Structures are given as C-alpha cells and as structure tokens.
Amino acid sequence: GDHAHARALLDHGLRSAEQSGALMQQARFGNGVGATLVSEQAYPEAIAALEHAIGRAESAGARREQTIGHFLLAAACYHGRRRTRASEELARVRALTEELGYDQFLLVEARQMPDVLEYAAARRIGGEYFRNLSNRTRRAPAEVVEQPGVFRVRAEAFGGPRVTVDGRSVAELEWRSERS
C-alpha cells in the first residue's frame, strides 16, 4: 500500500544520494526510511536504519537531521521495549535542541508519536522540555482575526516556494522583485 510506495521512493532517493555522496540528503532519506519502518512496527530494522542515518547526519554536521534521527530512534527503541536506550536518545534530542536554540522542525515527528512524548515527560527527561513539546503539539491553530488595513501574508518554503497575500497567490517574479 502506501507504506510500500513511500518506502520505494525513499530507498530510491537514498540510493541516489549515496551515489552522489550527498551526506545531508542521505541523512534525510535515511530518517524517512527509519520513520516508515517505525510506522510499520519493524523496530529492529528501524533502529539499524536510523543509526546509519544519524551517522551520516553527524558526518555532514547536520544538527537538525541528527535531532530528528535521535527522536525517531527513541521512538523505535521505546516501542521495541528498549526503554533505557529510548531515554538516552530522548536526552540526546534535548541536548541537540539546546545546542540549536530552536525545535520547530521537530513538531511534525512529535505529533506522530504522542506516546513517546508522554513517556519522556513522565520520566522528566530533559526537565519540562518534553511536557512543553507535547503541549505545543496539541495546540489548536490561532484564530485569524480580520483587521482593516492589515494584510495576511503566507509564505511557504517546503516544496516549491509560494507566497499568498490575503488569499491571492503572488507570482514568484513579483515577490522576488526589489519593490516587494
């Protein structure tokens, strides 16, 4: 089904990144493979894939990918009944987010694994960090309040960049100009 198709695409991307020597991309695709294996409950395979991806991220100096990899590895260990290792990986996630000074990028994975956040919060791994992260994953989006003379600008950077102003799509040529 969807997992098999996703896995095939991730494996293809990983092979391409390995052929070109792109360590950052290898780490990203490796994390994707690991996340897919976690969702398929193939925990031993996920652990091996994520350890490899984390190694590539470390070689590339990619702290965000390392953090995501460690979080996914913590999830694989938690579900695979390797709780001590899960706790160690969660402590590493906290240390990396402190080094980076931000963690917004981690919210996507955190929303998928509330049980791992609850485990970390209950054991106070990283102090109150995982409790706060858990609360942030459950927050409803802020309500949009219409105000006269105020524009709503939305910029998307994932995939192809897109900009909208008050719901109107702005052409790339227009938003890249010096006037904008």
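A.B. asks: Give a description of the packing of aromatic side chains that names residues and reports values.
C.D. replies: How two aromatic rings sit relative to each other is set out by the distance from centre to centre and by the angle between their planes. Enumeration according to the criterion identifies 3 aromatic pairs in this entry. A centroid spacing of 5.0 Å and a plane angle of 50 degrees characterise the contact between Tyr78 and Tyr119, whose relative ring orientation is tilted. You can see Tyr78 sitting in helix α4 (residues 63–79) and its partner Tyr119 sitting in helix α7 (residues 114–122), a full 41 residues away along the chain. Aromatic side chains Tyr129 and Phe130 sit 4.9 Å apart centroid to centroid with 80 degrees between the ring planes, which places their arrangement in the edge-to-face category. The two residues Tyr129 and Phe130 agree in class, both being buried. Positioned above the aromatic ring of Tyr78 is the side chain of Arg83, whose terminal nitrogen or guanidinium carbon lies 4.0 Å from the ring centre. A cation over a ring is seen here: Arg83 above Tyr119, with NZ or CZ 5.8 Å from the ring centre.

A.B. asks: I'd love a proper account of the side chain of Gln26, names of residues and values included.
C.D. replies: With respect to the helices and strands, the residue Gln26 is situated in helix α2 (residues 23–39). Those residues in contact with Gln26, other than ones at most four positions away along the chain, are Leu14, Ala17, Glu18, Gly21 and Arg56.

A.B. asks: Now, about the packing of α2 against α4: what can you tell me, with residues and values included?
C.D. replies: When two helices pack together, their arrangement is given by the angle between the helix axes and the distance between those axes. Viewed as axis vectors pointing N to C, α2 and α4 meet at an angle of 20 degrees, and their least axial separation amounts to 10 Å. The angle between α2 and α4 places the two elements in the roughly parallel class. Both α2 and α4 take part in a crossing whose hand is left-handed. For the pair α2 and α4, the contacting residues are Met24, Ala27, Arg28, Asn31, Ala35 and Val38 in the first and Glu65, Ile68, Gly69, Leu72, Ala75 and Ala76 in the second. Among the residues making up the contact of α2 with α4, the classes are represented as 8 nonpolar, 2 polar and 2 charged.

A.B. asks: An account of the side chain of Glu89 is needed here, citing residue identities and associated values.
C.D. replies: Take Glu89: it is sitting in helix α5 (residues 83–100). Using a relative accessible area of 8% as the deciding quantity, one classes Glu89 as buried. Of note is the side chain of Glu89, whose polar atom sits 2.4 Å from the side chain of His70.

A.B. asks: I'd like a rundown of the nonpolar core, residues and numbers included.
C.D. replies: One recurring pattern in soluble globular proteins is that nonpolar side chains are buried together. Counting 37 residues, the largest nonpolar core has Val38, Phe71, Leu90, Leu106, Phe130 and Leu133 as the members making the most contacts within it. Listed by contribution, the elements that provide at least two residues to this core are α1 (2–20), α2, α3 (43–60), α4, α5, α6 (107–112), α7 and α8 (129–138). Top element by residues in this core is α4. It accounts for 9 residues.

A.B. asks: A description of the pattern of salt bridges should follow, citing residues and the corresponding values.
C.D. replies: Applying the stated criterion to the full structure yields 9 salt bridges. Across the pair Arg94 and Glu98 runs a salt bridge, and its minimum N-O distance is 3.2 Å. Remark: Glu98 and Arg94 occur in helix α5; sequence separation between them is 4 residues, near one turn of the helix. Of the charged contacts, one joins Arg136 and Asp103 as a salt bridge, the two residues approaching to 2.6 Å between their closest N and O atoms. With Arg136 in helix α8 and Asp103 in the loop between α5 and α6, the pair connects residues that are 33 residues apart, well separated along the chain. Bridged by salt links that share partners, the residues Glu51, Arg85 and Glu89 form one connected network.

A.B. asks: Explain the packing of α3 against α4 residue by residue, including any values.
C.D. replies: With their axes 9 Å apart at the nearest point, α3 and α4 run at an angle of 160 degrees to one another. With respect to α4, the axis of α3 lies roughly antiparallel. Here α3 and α4 pass one another in a crossing that is left-handed. The residues of α4 that touch α3, namely those facing Tyr43, Ala46, Ile47, Leu50, Glu51, Ile54, Ala57 and Glu58, are Glu65, Gln66, Gly69, His70, Leu72, Leu73, Ala76, Cys77 and His79. Among the residues making up the contact of α3 with α4, the classes are represented as 10 nonpolar, 4 polar and 3 charged.

Thresholds, definitions, all that
Residues numbered from 1 in each chain as written. Predicted model: local features only at pLDDT ≥ 70, side-chain atom pairs only at ≥ 80, totals over all residues. Heavy atoms only, no water. Phe/Tyr/Trp six-rings, centres within 6.5 Å; stacked < 30°, edge-to-face > 60°. Helix = DSSP H or I, 4+ residues; strand = E, 2+ residues; numbered from the N terminus. Buried < 20%, exposed > 50% of the residue type's maximum accessible area, 1.4 Å probe, protein only. Lys NZ or Arg CZ within 6 Å of the ring centre and 35° of its normal. Contact = heavy atoms within 4.5 Å. Axes fitted to C-alpha atoms, helices over the stretch in contact; angles between N-to-C directions. Parallel < 35°, antiparallel > 145°, perpendicular 65-115°, else oblique. Left-handed = near helix turned anticlockwise from the far one by under 90°. Nonpolar A, V, L, I, M, F, W, Y, C, P; charged D, E, K, R; others polar. Polar contact = N/O pair within 3.5 Å; in protein donor to acceptor, adjacent residues only side chain to side chain. Core = buried A, V, L, I, M, F, W, Y, C linked by side-chain atoms within 4.5 Å. Salt bridge = Lys/Arg side-chain N within 4 Å of Asp/Glu carboxyl O.

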